[in-house]
Amino acid sequence: MTPLTHFLFIGCGTSYYLAQSAARAFQQVTGCVATAVAASEVFLAGDSTIPRNVPVVAIPISRSGTTSEVLFAVTYLQQYHDHVKILGLTCHEDHELAAILPHSISLGHAAEQSIVMTQSFTSMLLALQFIAASIAQRDDLLAELERLPDLMNDFMASAEAFGRRVSQREGSGQYIFLGLGVYTGLAFEAMLKLKEMTQTPCEAYNPLEFRHGPISIVDQKTAVIALAGDEDLKYVTEVVSDIRGLGGYTWLMAPRQSVNVADETLSLPGGLSDWARAILYMPALHYFAYHKAVGLGLNPDGPRHLDQVVVIQAQ
Ligand code: F1P
């Protein structure tokens, strides 16, 4: 790896949103440029997504290791871009992604039977954060990441209680998730989870971008869920307060108590950098979607029109 190395994260669905957060985490910690693209953008729009004049490390991510678009992207890179080195990330070492690549990491413990991805998302994000911190030789960040499994265990009960409680509130017809930086992909992933499990209209935005137009949709039926860190807390709470003033129902997930800003607040464990804290936001968001689905009489693990893997034919 040189300082010019470009990290190109690739995925579909949840794995694409994971790619977005991972790219931001990589660039923040290593200083190298890192981007995230949907797998189809590699083999259908490679001229505008694959850097040509710098060394590239592509990291295709796929829980199943069998999603067609991810496999097409890898095959395309292998055929047409020999300056690109590829490291796969999957939860199945015996599936196709690992089989077609000389180098891949497999998190077998995070392989899920469910259609909807939950623990595989957080596990793969954490693995990529470990890789980023190792590349950057940041022992301080590695030490923070090592604390996360215990912190997650301690925090899980309050995350579930929070997710369950907010899922029981009636009257919201649309949900907006807000997050920036490393939390961008988390907000999009939370949106996807709610959509898959409940088919409820929902969107995700950068919190400050939300004021630039989308805020027009806020009414009393709008619920807004904002993910804030220490760095952006002041700005995000102002957005939350604006939305609340317009009649929207708001929740804030932040590393410390921000009294009276939102209708509901979940305080995340402190003593961590915003970068390291990322995965701790997800259980409450996953539980929210899960309990919402159960409350609606839906099977959270049986989203309509969706299979565990999307398989398409090459054209
Ligand atoms: C990606 C994905 C999931 C989605 C569904 C279909 O899977 O799009 O995000 O929830 O299960 O597949 P993968 O490539 O990570 O296995």
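Rules and cut-offs
Residues numbered from 1 in each chain as written. Predicted model: local features only at pLDDT ≥ 70, side-chain atom pairs only at ≥ 80, totals over all residues. Heavy atoms only, no water. 1 Å grid on protein atoms, 1.4 Å probe; cavity = no way out; pocket = protein on both sides within 12 Å on 5 of 7 lines; lining within 4 Å. Points joined across faces, edges and corners; volume = space filled by probe spheres on them. Helix = DSSP H or I, 4+ residues; strand = E, 2+ residues; numbered from the N terminus. Nonpolar A, V, L, I, M, F, W, Y, C, P; charged D, E, K, R; others polar. Domains from an automatic or database assignment. Buried area = accessible area lost by both parts, 1.4 Å probe. Salt bridge = Lys/Arg side-chain N within 4 Å of Asp/Glu carboxyl O. Polar contact = N/O pair within 3.5 Å; in protein donor to acceptor, adjacent residues only side chain to side chain. Near = heavy atom within 4 Å. Areas by Shrake-Rupley, 256 points an atom, 1.4 Å probe, with all protein chains shown as cover. Axes fitted to C-alpha atoms, helices over the stretch in contact; angles between N-to-C directions. Parallel < 35°, antiparallel > 145°, perpendicular 65-115°, else oblique. Left-handed = near helix turned anticlockwise from the far one by under 90°. Contact = heavy atoms within 4.5 Å. Disulfide = S-S within 2.5 Å. Buried < 20%, exposed > 50% of the residue type's maximum accessible area, 1.4 Å probe, protein only.

A.B. asks: Mind laying out the layout of surface pockets, listing which residues take part and the relevant values?
C.D. replies: In this approach, a probe sized like a water molecule rolls over the atoms, and the result shows the empty space that is left. By volume, the largest pocket is sized at about 520 Å³. Around the largest pocket sit 23 residues that line it, and T118, Q119, T122, M156 and H286 are the ones nearest its centre. When contributions to the lining of the largest pocket are tallied by element, the ones reaching two or more residues are α5 (119-135), α6 (139-167) and α10 (282-295). The residue inventory of the lining of the largest pocket, partitioned by class, reads 14 nonpolar, eight polar and one charged. Mapped onto the domain boundaries, the lining of the largest pocket takes at least three residues apiece from domain 1 (6-135) and domain 2 (147-295).

A.B. asks: Outline the domain arrangement of the protein, supporting the account with residue identities and numerical values.
C.D. replies: When cut into domains, the protein gives domain 1 (6-135) and domain 2 (147-295). Here domain 1 and domain 2 have C-alpha centroids that lie 26 Å from each other. Around 1,600 Å² of area is buried between domain 1 and domain 2 when both sides are counted, 71% of it from carbon and sulfur atoms. On the surface where domain 1 and domain 2 come into contact, there are zero salt bridges. Between domain 1 and domain 2 we count eight residue pairs in polar contact (both at pLDDT 80 or more) in total. Elements supplying a minimum of two residues to the side of domain 1 that touches domain 2: α1 (14-30) and α5. Split by residue class, the side of domain 1 that touches domain 2 holds 10 nonpolar, eight polar and one charged.

A.B. asks: So what's going on with the site of the ligand? Which residues, and what values?
C.D. replies: Around the ligand there are 13 residues in total, and T14, S15, S62, S64 and T67 lie nearest to it. Between the ligand and S15, the relevant distance is 2.6 Å, taken from an oxygen atom to a side-chain nitrogen or oxygen of the residue. For the ligand, whose accessible area on its own is 380 Å², the fraction buried by protein is 97%. Broken down by class, the residue content of the shell around the ligand amounts to three nonpolar, seven polar and three charged.

A.B. asks: Give a description of the packing of α1 against α5 that names residues and reports values.
C.D. replies: Remark: α1 packs on α5, axes separated minimally by 9 Å, with the N-to-C direction vectors making an angle of 20 degrees. The angle between the axes of α1 and α5 places the two elements in the roughly parallel class. The way α1 lies across α5 gives a crossing that is right-handed. Contact residues: T14, S15, Y17, L18, S21, A22, A25, F26, V29 and T30 in α1; F121, M124, L125, L128, Q129, I131, A132, A133 and I135 in α5. Among the residues making up the contact of α1 with α5, the classes are represented as 14 nonpolar, five polar and no charged.

A.B. asks: Lay out the state of the cysteines with the relevant residues and their values.
C.D. replies: Counted according to the given criterion, the structure contains zero disulfides. In this structure C202 is a free cysteine whose sulfur lies 19 Å from that of C12, the closest cysteine sulfur available. Given the relative accessible area of 6%, C202 is considered buried.

A.B. asks: Got a sec to walk through unusual backbone geometry? Specific residues and values, please.
C.D. replies: Of note in this structure, Q137 is not a glycine but carries a positive phi near 55 degrees. Mapping Q137 onto the fold places it in the loop between α5 and α6. For Q137, a relative accessible area of 67% puts it in the exposed group. Phi is positive for H305, which is not a glycine, with a value near 60 degrees. The class for H305 is exposed, based on a relative accessible area of 77%.

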